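Each chain, letter by letter, is given below.
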Amino acid sequence: MGDQERGRRRPLNDSDISPEAVQQPRPKIFRGDGYKSHDRDRSQASSSRGTSRSHAPSTSHSASTSHAATTSHAASTSHAATTSHSASASRGPRDPVGPTSSHPSGPGYKSDRRPVDRFEIVNTRPADVVTKQGSDGKQIKLLSNYFRLNTKPQWRIVHYHVNFAPEIELVRVRCGVLSEHAKSLGTGYLFDGHQLFTSKKFDEDVTVLQTTSRQGVNYTITIKCVGYISPAESRFLQVLNLILRRSMKGLNLEQVGRNLFDPHARISVGEFSIELWPGYETSIRQHEKDILVCAEIAHKVMRRETVYDILRRTSSRPERHQEDFRMNVLGLIVLTDYNNKTYRINDVDFAQNPRATFSCKGNDVSFIEYYLKKYNIRIRDHDQPLLISKNTDKAQKSNANEIVILIPELCRVTGITDNMRSNHNLMRAVSNHTRLNPERRIERLRTFNRRLNTTAESVKVLTDWNMRLDEKLVEIQGRVLSPQKIVFNDARLCAGDFADWTRQFRNQRMLTTPRNGLDRWAVISPKRCSSELRTLLSNLNRAAMAMGFHISCPREVMIYDDRTSTYIQALDDCATKDPKLILCFVPSDSPERYSAIKKRGCVDRAIPTQVVTKRCNKNGLTIATKIAIQINCKIGYTPWMIELPLSGLMTMGFDIAKSSSNRNKAYGALVASMDLQRNATFFSTVAECCAYDVLANNLWPMILKALRQYQLEHQKLPNRIVFYRDGVGSGSLKQLFEYEVKDVVEKLSIEYKKVSSTPPMLAYIVVTKSSNTRFFLDNRSNPLPGTVVDDVVTLPERYDFYLVSQTVRQGTVSPTNYNVLYSNIGLSPDKVQKLTYKMCHLYYNWSATTRVPAVCQYAKKLATLVGSHLHAIPQNALEKKFYYL
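This structure is a prediction, so every number in the text was calculated from the model and none was measured. (Residues numbered from 1 in each chain as written. Predicted model: local features only at pLDDT ≥ 70, side-chain atom pairs only at ≥ 80, totals over all residues. Heavy atoms only, no water.)

Caption draft 1: Seen up close, the overall build of the protein chain. A count of helical and extended segments in the protein chain gives 23 helices and 38 strands. Sorting the 885 residues of the protein chain into buried and exposed places 58% on the buried side. Residue pairs in contact within the protein chain that sit at least 24 positions apart in sequence constitute 74% of those at least 6 positions apart. Element-wise, carbon and sulfur atoms account for 47% of the exposed surface of the protein chain, whose accessible area totals about 36700 Å². (Helix = DSSP H or I, 4+ residues; strand = E, 2+ residues; numbered from the N terminus. Buried < 20%, exposed > 50% of the residue type's maximum accessible area, 1.4 Å probe, protein only. Contact = heavy atoms within 4.5 Å. Areas by Shrake-Rupley, 256 points an atom, 1.4 Å probe, with all protein chains shown as cover.)

See the structure below:
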């Protein structure tokens, strides 16, 4: 069914089966995952002489020879050969990719953003917030997927700066020289070549050590105390996460991307040629009172097919072979088994093949020779093209363009494609393993804790740092907010403990419907589907009448085939009669046809369209009820409302979706309510923005349009504004806080002064759905909708809380995190939490609560429609209608 959501919730949790995103930038000091040998840190003498993981052949171009001819370090480490060229150097004839390469550069080339530090601590808590804990609701005891990290009293991390005389150039050698004094440094320490971190404090601020290398060189090591690291510093998180990673190495897990997985416990989904690798996503940081370890169960989808298999599959049409192959592989995340490293494919070089050569340790080596000598891998097809992977994060950090060359037949595809997602049997088979109910999840978490606390190597790492992982899951005091009242035309019904009013709704009159009903509309259908169309229209009338919505007989346009062009021609003919809505009845799903219909209706004609597939009749009145609600919304009316005590309130939701046709484009959508106490309507607008810019440059013009519409309807501007900002990663929080929030606050003040009005009371709230936090009731079940947690696992530097607003029937519920970046709205934490929960009841595609406030869900729906199907801005005449449902 094109427009309808058929009563199946999207998997709101266990999203780890999705294709993994590009690896996040690594911290500047430490390399906790996939780090290179020349800048790694070591805590023990033996580890400082170990080898790091190998990388695929790469080419690095920078303004200065930052790696000091990186080929030299390949002789002493396990890295693959890399070449480094200065800006003035000319490109060698055998360089796989040079500085003047015409390959699409990916996101890194387009943006001058600062590198994202995922360990950065951003203090966003408003200064006037005394407490962020609420008190409303029923108190309940919860378990969470956190473990306390117990340390000795007065435990601290000490920071030292280390100098060597004579100077040692190679970091690897520095680590080895310093490791001779491992006993003096304490049982556990981290060293990156210049900075030393340990839990031991030397007696003197400056300590001098002497040592002699194996070559007989005498070195003087000067260790100067810099001070203690505060838990509020990002380095504190870096050290803690590295210690945790070191302790997990004893579990014999494989690192794929940034997470650790267990290939020995792989689960084969045989009939679909994929494997699931179970693993863990872990993080450690200072929370409200304790240092807590968050452990979440993850699964990595590993497909048995390689990129070479895709190459062969797309070669059936020689005239479009290259184009089809690019469309199928660009953006894919692949795993190279020879080094267990993941890469994103940014481009394909059809002009080169594995016989191409590059410089390795001063010699020209072909890719065929390189892989045979280094990994004992024989490349079979010598004519296959080369894959280009651009490490954009490093490029932004070091101003270098590092390009990694990959061989298709050595790259295993990860993740799930859109076609695979549409295979319900496949998704059901995968979800049977990935959607863990609370009981299974708790058991897996306790198994992880037990392994970490009983594996000798893991225990030693924690003991060396005077740490111990608590065996119990962290207990939390939560609260359950009271069920909300749903307001219909002539009744107010309680949503119930599970916040689902589907059954009660079927016999309730919708809040607002057109006075004359739907009296001018059209239906387009193939003539061979006329019988199914009659069934649909009959069910639609019955369902609508029960909800107080009168639907007149439509103008029927019967077509002789189901080609896209035929539908578009019929739609144009119908548009001449100025219908309020056009329903297109289609025999089957077709993305191309759906996009064409939506584009013609939203962009060209400003007419809402409803696409319905023939199989909708299988569910009879259930689907007909959903279609009737959608039609009522699409012509500008409201099915239900909630009780809202605040007047003069505007809530806004903003989200971004990338364009499916142009990776450099994205579309930002803003949806705003128009004082729900008075007229219960919404306003929407869309603008194009850069796909790689965290800050939405067109955000203020969109906010201004919403304010103008509010002023037009109510003859004044809103007194209060609650802005829910979605689509922001934790690494982008600082940029958002320092630029976007301040810009919005300043421009709101200027705009209100123009009309001699007091600036509005504003709450700017970042919505995060991708949190790894989970909560469980004592009886190992999911917490009820309305569950709020605002202590223990929240962060001291934020005004934040977790809210479970939805019910899930499978797996474990995922709470949504809300972080209030700015607030002068004058509402207590209780009221902010209750308002947020109320707004989760207003998504009209689902007669139950959603995971995020409805304005955010609408914004996501609208941005996705434009980015995936329209690829153009819809007409302004539709801004007051839910045409995107």
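Caption draft 2: Molecular detail of empty space enclosed by the protein. According to the stated counting rule, one finds five cavities of 30 Å³ or more in the structure shown. The calculated volume of the largest cavity comes to roughly 70 Å³. Taken together, Gly636, Tyr637, Thr638, Ala680, Thr681, Phe682, Ser684, Glu879, Lys880, Lys881, Phe882 and Tyr884 make up the lining of the largest cavity. Split by residue class, the lining of the largest cavity holds five nonpolar, four polar and three charged. (1 Å grid on protein atoms, 1.4 Å probe; cavity = no way out; pocket = protein on both sides within 12 Å on 5 of 7 lines; lining within 4 Å. Points joined across faces, edges and corners; volume = space filled by probe spheres on them. Nonpolar A, V, L, I, M, F, W, Y, C, P; charged D, E, K, R; others polar.)

Caption draft 3: The nonpolar core, seen in detail. By size, the foremost hydrophobic cluster in this structure holds 108 residues, and its most contacted members are Ile524, Leu842, Tyr844 and Tyr858. Top element by residues in this core is helix α23 (residues 854–870). It accounts for 10 residues. Apart from residues lying up to four places away in sequence, isoleucine 524 is in contact with Val557, Ile559, Tyr567, Ala570, Leu571, Cys574, Ile582, Leu583, Cys584 and Phe585. (Core = buried A, V, L, I, M, F, W, Y, C linked by side-chain atoms within 4.5 Å.)

Caption draft 4: Spotlight on the sheet that holds strand β7 (residues 206–212). In spatial order, the strands read β5-β6-β4-β8-β7; together these five strands make up an open sheet with antiparallel pairing. The open sheet is flanked by β5 (189–191) and β7, the only strands paired with a single partner. Neighbour to neighbour, the strand axes of the sheet diverge by 25° on average, direction disregarded. With four bridges joining them, strand β4 (residues 158–165) and strand β6 (residues 195–198) adopt antiparallel strand pairing. By the bridge assignment, histidine 161 is partnered in β6 with glutamine 195. (Pairing = 2+ DSSP bridges. Axes fitted to C-alpha atoms, helices over the stretch in contact; angles between N-to-C directions.)

Caption draft 5: Looking closely at the pairing of β6. Covered by surrounding structure in β6 are Gln195 and Phe197 together with Leu196 and Thr198, the residues of both alternating faces. In the sheet, β5 pairs with β6 via three bridges, with the strands oriented antiparallel. Counterpart to tyrosine 189 in the pairing with β6 is threonine 198. Hairpin connection between β5 and β6: a loop of three residues separates the two successive antiparallel strands, and glycine 193 in this loop has a positive phi of roughly 110°.

Caption draft 6: Broad picture of the sheet that holds strand β24 (residues 492–494). An order of β24-β23-β29 is seen for the three strands of this open sheet, with the pairing classed as antiparallel. Pairing within the sheet leaves two strands with one partner each, and these edge strands are β24 and β29 (641–642). As judged from the three bridges shared by strand β23 (residues 485–487) and β24, these two strands associate in the antiparallel manner. By the bridge assignment, valine 487 is partnered in β24 with arginine 492.

Caption draft 7: Main features of the pattern of salt bridges. Summed over all chains, the structure comprises 45 salt bridges. With a closest N to O distance of 3.1 Å, aspartate 562 and arginine 528 form a salt bridge. You can see aspartate 562 sitting in the loop between β26 (555–559) and α16 (564–575) and its partner arginine 528 sitting in the loop between β25 (521–526) and α15 (530–546), a full 34 residues away along the chain. Under the relative-accessibility criterion, aspartate 562 is labelled partly exposed at 23%. Across the salt bridge formed by lysine 769 and aspartate 726, the nearest N and O atoms sit 2.7 Å from each other. With lysine 769 in the loop between β34 (761–768) and β35 (775–777) and aspartate 726 in the loop between β33 (720–725) and α21 (733–754), the pair connects residues that are 43 residues apart, well separated along the chain. On the accessibility criterion, lysine 769 (30% relative accessible area) is partly exposed. (Salt bridge = Lys/Arg side-chain N within 4 Å of Asp/Glu carboxyl O.)

Caption draft 8: How the structure looks around the packing of helix α20 (residues 699–714) against α21. Direction vectors running N to C along α20 and α21 enclose 35°, while the axes themselves pass 11 Å from each other. Here α20 and α21 pass one another in a crossing that is right-handed. Contact residues: Leu699, Trp700, Ile703, Leu704, Leu707 and Arg708 in α20; Glu740, Val744, Lys747, Leu748, Glu751 and Tyr752 in α21. Looking at the contact of α20 with α21 residue by residue, the class counts come to eight nonpolar, no polar and four charged. (Left-handed = near helix turned anticlockwise from the far one by under 90°.)

Caption draft 9: Structural context of α23. Here α23 contains 17 residues, and its C-alpha end-to-end distance of 22 Å stays within 8% of the 24 Å for a straight helix at 1.5 Å per residue. When we look at burial in α23, the residues that qualify are Ala854, Val855, Cys856, Tyr858, Ala859, Leu862, Ala863, Leu865, Val866, Gly867 and Leu870. With its phi angle positive at about 55°, histidine 871 sits one or two positions after the end of α23. (Expected span 1.5 Å × (residues − 1).)

Caption draft 10: Broad picture of the packing of helix α17 (residues 591–605) against α23. Where α17 meets α23, the axes come as close as 9 Å, and the angle between the chain directions of the two elements is 115°. With respect to the hand of their crossing, α17 and α23 are arranged in left-handed fashion. Residues Pro591, Tyr594, Ser595, Lys598, Lys599, Cys602 and Val603 of α17 form the contact with α23, whose own contacting residues are Leu865, Ser868, His869 and Leu870. Grouping the amino acids of the contact of α17 with α23 by side-chain chemistry returns six nonpolar, three polar and two charged.

Caption draft 11: Quick look at the packing of aromatic side chains. For the structure shown, the criterion picks out 30 aromatic pairs. Consider the rings of tyrosine 160 and phenylalanine 202, whose centres lie 5.1 Å apart with planes at 55°: the pair is tilted. Of this pair, tyrosine 160 sits in strand β4 while phenylalanine 202 sits in the loop between β6 and β7, and the two are 42 residues apart along the sequence. For the residue pair tyrosine 160 and phenylalanine 202, the accessibility class agrees, reading buried in each case. Note on tyrosine 844 and phenylalanine 882: the rings are 5.6 Å apart at their centroids and 85° apart in plane angle, and the pair reads as edge-to-face. Remark: phenylalanine 882 occurs in the segment after α23 and tyrosine 844 occurs in the loop between α22 (829–839) and α23; sequence separation between them is 38 residues. Phenylalanine 882 matches tyrosine 844 in its accessibility class, with the two residues each being buried. Each residue in the set Phe488, Trp501, Phe505, Trp640, Phe682, Tyr843, Tyr844, Tyr858, Phe882, Tyr883 and Tyr884 is aromatic and connected to the rest through ring pairs, giving one cluster. Stacked on the ring of tyrosine 228, the Lys or Arg arginine 156 has its end atom at 4.5 Å from the ring centre. (Phe/Tyr/Trp six-rings, centres within 6.5 Å; stacked < 30°, edge-to-face > 60°. Lys NZ or Arg CZ within 6 Å of the ring centre and 35° of its normal.)

Caption draft 12: Structural detail: the pairing of strand β31 (residues 665–673). Counting buried residues in β31 gives eight out of nine residues, a clear majority hidden from the surface. One ladder, built from seven bridges, connects strand β30 (residues 649–658) with β31; its direction is antiparallel. Paired with phenylalanine 654 across the strands is leucine 670, a residue of β31. Between β30 and β31, which pair antiparallel and follow one another directly, the connecting turn spans six residues. Bridge analysis of β31 against strand β32 (residues 682–690) gives nine bridges, and the strand direction is antiparallel. Bridged to leucine 670 within β32 is threonine 685.

Caption draft 13: Region of interest: the side chain of arginine 285. Summarising the element assignment, arginine 285 is placed in strand β12 (residues 274–286). Residue arginine 285 is classed as buried on the basis of its relative accessible area, which comes to 18%. At 2.9 Å, the side chain of arginine 285 and the side chain of glutamate 797 are in polar contact. The contacts of arginine 285, once residues within four sequence positions are left out, are Ile121, Leu237, Asp290, Ile291, Leu292, Leu795 and Glu797. (Polar contact = N/O pair within 3.5 Å; in protein donor to acceptor, adjacent residues only side chain to side chain.)

Caption draft 14: Inspection of the side chain of glutamate 879 at higher detail. Mapped onto the elements, glutamate 879 comes out in the segment after α23. Using a relative accessible area of 13% as the deciding quantity, one classes glutamate 879 as buried. A distance of 2.8 Å separates polar atoms of two side chains, one belonging to glutamate 879 and the other to lysine 705. Each residue touching glutamate 879, except ones within four places of it in the same chain, is listed here: Phe682, Phe683, Ser684, Thr685 and Lys705.

Remember that the coordinates give geometry; whether it matters functionally is a separate question.
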